[in-house]
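Understanding the architecture of this molecule
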Protein chains: 2
Amino acid sequence: MSERIEADYLIETAYPLAEAAAAMAGEQSSGTFVPVPGETPELKARSAAQVVALEDLGPVDAPSLPGGGRSDGPHRRARVTLSWPLANLGPSLPNLLATVAGNLFELKQFSGLKLLALRLPHAFADAYPGPAFGIEGTRRLSGVAQGPLIGTIIKPSVGFTAEETADLTRTLCEGGIDFIKDDELQSDGPTCPFDERVRAVMAVIDRHADKTGKKVMYAFNLTGELDEMRRRHDLVAELGGTCVMASLHSVGLVGMAALRRHAALPIHAHRNGWGIYDRHPMLGVSYVAWQVLWRLIGCDHLHVNGIANKFCEADDSVIASARACLTPLYADKPYIAMPVFSSGQTAAQPPATYAALGSADLIYAAGGGIVAHPHGVAAGVASLREAWEAAMSGTPLEEYARTRPALAAAIGVSR
Amino acid sequence: MSERIEADYLIETAYPLAEAAAAMAGEQSSGTFVPVPGETPELKARSAAQVVALEDLGPVDAPSLPGGGRSDGPHRRARVTLSWPLANLGPSLPNLLATVAGNLFELKQFSGLKLLALRLPHAFADAYPGPAFGIEGTRRLSGVAQGPLIGTIIKPSVGFTAEETADLTRTLCEGGIDFIKDDELQSDGPTCPFDERVRAVMAVIDRHADKTGKKVMYAFNLTGELDEMRRRHDLVAELGGTCVMASLHSVGLVGMAALRRHAALPIHAHRNGWGIYDRHPMLGVSYVAWQVLWRLIGCDHLHVNGIANKFCEADDSVIASARACLTPLYADKPYIAMPVFSSGQTAAQPPATYAALGSADLIYAAGGGIVAHPHGVAAGVASLREAWEAAMSGTPLEEYARTRPALAAAIGVSR
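This is a predicted model, so every value here is computed, not measured. (Residues numbered from 1 in each chain as written. Chains lettered and ligands numbered in written order. Predicted model: local features only at pLDDT ≥ 70, side-chain atom pairs only at ≥ 80, totals over all residues. Heavy atoms only, no water.)

A short note on the relation of the copies chain A and chain B
Worth spelling out the cut-off: Copies overlap after least-squares fitting; the atoms used are the C-alpha atoms of residues with pLDDT of at least 70 in both. In this description, contact between two residues means that some pair of their heavy atoms is separated by no more than 4.5 Å.
When chain A is fitted onto chain B, the two copies agree to an RMSD of 0.0 Å after a turn of 180° and an axial shift of 0.0 Å. Accordingly, the operation relating the two chain copies is best matched by a two-fold axis. When C-alpha distances to the rotation axis are compared across chain A, the minimum falls at Gly252(A), with a value of 2.0 Å. Most of the interface of chain A is mirrored in chain B, where 100% of its interface residues are also at the interface.

Encoded structure:
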């Protein structure tokens, strides 16, 4: 990879496309609104961003965002690639963000602007450690050698005491679950203090491991200030826990990088708030671009929503995000993160998920798909595992369900 | 203030309004998509979010965002206030963000959802320090007893070497400037390493202070990883600098809070990336809500754009942001941050700015308004100061310019 940073954008503008692209490149490098005396040809050669590609995608009926500065003439969409010299900023993710996703979202030239993809020089891989555990480490710690980790989320989202959380954990462990996570709303409130929860839950997990040899992976949500996160991580590690969880957008780039440098456990990264960045098709940052930053920093698990989810994201967007997480960043440092499928997942979606993704290196987390199974939690877990077996072996769900009552009940067919 | 957190939202939905509001409250507290056995009446009483207010704002022609799950029936807008028990999360800003600005942006019920305002119990002021310097400390360090600090941004944005930056700083100091900031694109790239820049610039500022008694405040952009920011801060402090700058969205909540706990200098907070959060009128987080978080954390200066700016933000939004920064958060802990006006500011805007805001406790940063003044930098600075004198004394600019050639040239009238 060259020593230039590249970013692809989807833009919408009423200005001539080349002029609009040049404005982006100028504002995000050596230029500003007006010519200034110091921007010499030598300085420009050294530091100006370049428009590497520009593809006209045609006109649109109406501007997507208000505030675009020119209303005469049709608004058009285009795909633009800009490049920057690495020497403008060095391999620093916080400074990268100000460069590729800073002021340009409010430029008057645009009635729409979205960052679609990022390609970064190898210097970033030299500067950032990437996931310490990833797929292989997660499989080792959870004892799940192949297929997805079957997981769930503690619900109610918030409001349980530590003991109530441990009680539900016991039921889930006995039901054969691989992975449990706190809800992102549950961290360290007075109703369910973090330390109490970890102690109560780990006692259950340890007892279950002693009995069965299976140590369930529990992602404790340690989201908080840096010193709190470090202390909470250390408690989980000390008690033999195997995963911590943090909310990416709440913690931010710098906090997550500091947590990663401290951590000795896999980091389960929750993306709540994603809608701010990516819900509008013509504003913000696509998850395909976004996940590059979090993988460089070193998140081991990255939430990607799920097929036929309960939120508003389309399936192709979900699959593009998951595929991105599983695509190597660099040949020598792939920095693969394990995608986490979650939100309205049941025994119905594995075939479509596996067909679209071509991989089962993932965490498959279901709430209702487990606890609402008519035969109970164990049957809920079994039905998900069976649905994945069917998907991976290319057997239709209904056929596979013929001899498997848990799956049959989950997908609502009689044996 | 009660021990509940309150947040106001603007929503747009095709669902019955009360049902949509209840879905928000459920998803962001004890509920989930389906009823779960553990969500008992006792738990709900303890932890459920409540819909405190709901005002129908009428129908809209078309949905603002795609993905709203029901297309039959008209979409309506409404203003909703939700409240949460503080005990769900405790006074933790990262966890607050997951609660008030987490998954709800992707709920299928909504074709638009924006967080408008936040009201937090006093426990947050007990947990977070607020600005260490604010208006009073900034005036003391810069020696500007009244009126705005007249400031500028080093341009070209990026590409100058350390020596070129220092050369321009010399010109600006000799021109009578109060405040200078790095562009947000300039932090610690190999073309202009942070340490070299600070040493070169501080030598100029010190020489000027020795000669004139005026120590110009320079906001060095230290945006980077936490250890880098701490080290850079310490260098600035050691060399007698009086301000550091960081990009809020690049650093994130946890990183900014850790910087604040370390810092012994005012923190100048740049909001590049704001467009992601607030450009769409029906998606994201308004700056009026956003600034509450950054002030609790302890940012001393907060960018608010400017009247008649070069970006796409409307004037009333700019003024609402600035007024919010100047409105006390708590009676005993006002945590006022100094608003920074920037982007296309010249001698033309002070009267409208002062009339709308009613305060000159701000930083007024101009680029072209200073360096492009026909009589040079000193006249550019003088013209801005004179424009503010006129505004604060209620004198029309043209009248005040009659005996002031710098102002006259800036606003293009003959004396």
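Side note on the domain arrangement of chain A
Residue and element names in this part refer to chain A. We count it as follows: In this document the domain limits rely on a domain assignment from an automatic tool or a database. Two parts placed together each lose some accessible area under a 1.4 Å probe, and adding up what both lose gives the buried area. A carboxyl oxygen of Asp or Glu within 4 Å of a side-chain nitrogen of Lys or Arg is what we treat as a salt bridge. We call two N or O atoms a polar contact when they sit within 3.5 Å, provided that within protein one can donate a hydrogen and the other can accept it, with sequence-adjacent residues counted only if both atoms are side-chain atoms. Secondary structure elements are defined from DSSP: runs of H or I of at least 4 residues count as helices, runs of E of at least 2 residues count as strands, and each element is numbered from the N terminus. Ten residues, namely Ala, Val, Leu, Ile, Met, Phe, Trp, Tyr, Cys and Pro, are considered nonpolar, four, namely Asp, Glu, Lys and Arg, are considered charged, and the remaining ones, Gly among them, are considered polar.
Splitting chain A by domain gives domain 1 (4–127) and domain 2 (134–411). Between the C-alpha centres of domain 1 and domain 2 there is a distance of 35 Å. Taken together, the contact between domain 1 and domain 2 spans 25 residues of the former and 22 residues of the latter. Buried surface at the junction of domain 1 and domain 2, both sides included, amounts to about 1,800 Å², of which 71% is carbon and sulfur. Of all residues in domain 1, Leu-93, Lys-114 and Ala-125 give up the largest surface area on contact with domain 2, accounting jointly for 31% of the area buried on that side. Our count for the contact surface shared by domain 1 and domain 2 stands at one salt bridge. Of the charged contacts in the structure, one is a salt bridge between Lys-114 and Asp-278, with a shortest N-O distance of 2.6 Å. Counting across the interface, domain 1 meets domain 2 through twelve residue pairs in polar contact (both at pLDDT 80 or more). Contributing elements (two or more residues each) for the side of domain 1 that touches domain 2: β1 (4–13), α3 (93–100), β4 (110–119) and α4 (123–127). For the side of domain 1 that touches domain 2, the element with the highest residue contribution is β4, accounting for seven residues. Looking at the side of domain 1 that touches domain 2 residue by residue, the classes come out as 18 nonpolar, three polar and four charged.

Focus: the interface of chain A and chain B
Taken together, the contacts link 94 residues of chain A with 94 residues of chain B. Carbon and sulfur atoms make up 58% of the surface buried where chain A meets chain B, a total of about 7,300 Å² over both sides. The largest per-residue losses of area from chain A upon contact with chain B belong to Glu106(A), Arg279(A) and Phe311(A), which jointly make up 11% of the total buried on that side. Seen at the junction of chain A and chain B, the total is two salt bridges. Arg46(A) is the partner of Glu164(B) in a salt bridge, and the nearest nitrogen-oxygen pair spans 3.1 Å. Run the count over chain A and chain B and you get 35 residue pairs in polar contact (both at pLDDT 80 or more). With nine residues, helix α9 (residues 248–262) of chain A is the single largest residue contributor to the side of chain A that touches chain B.

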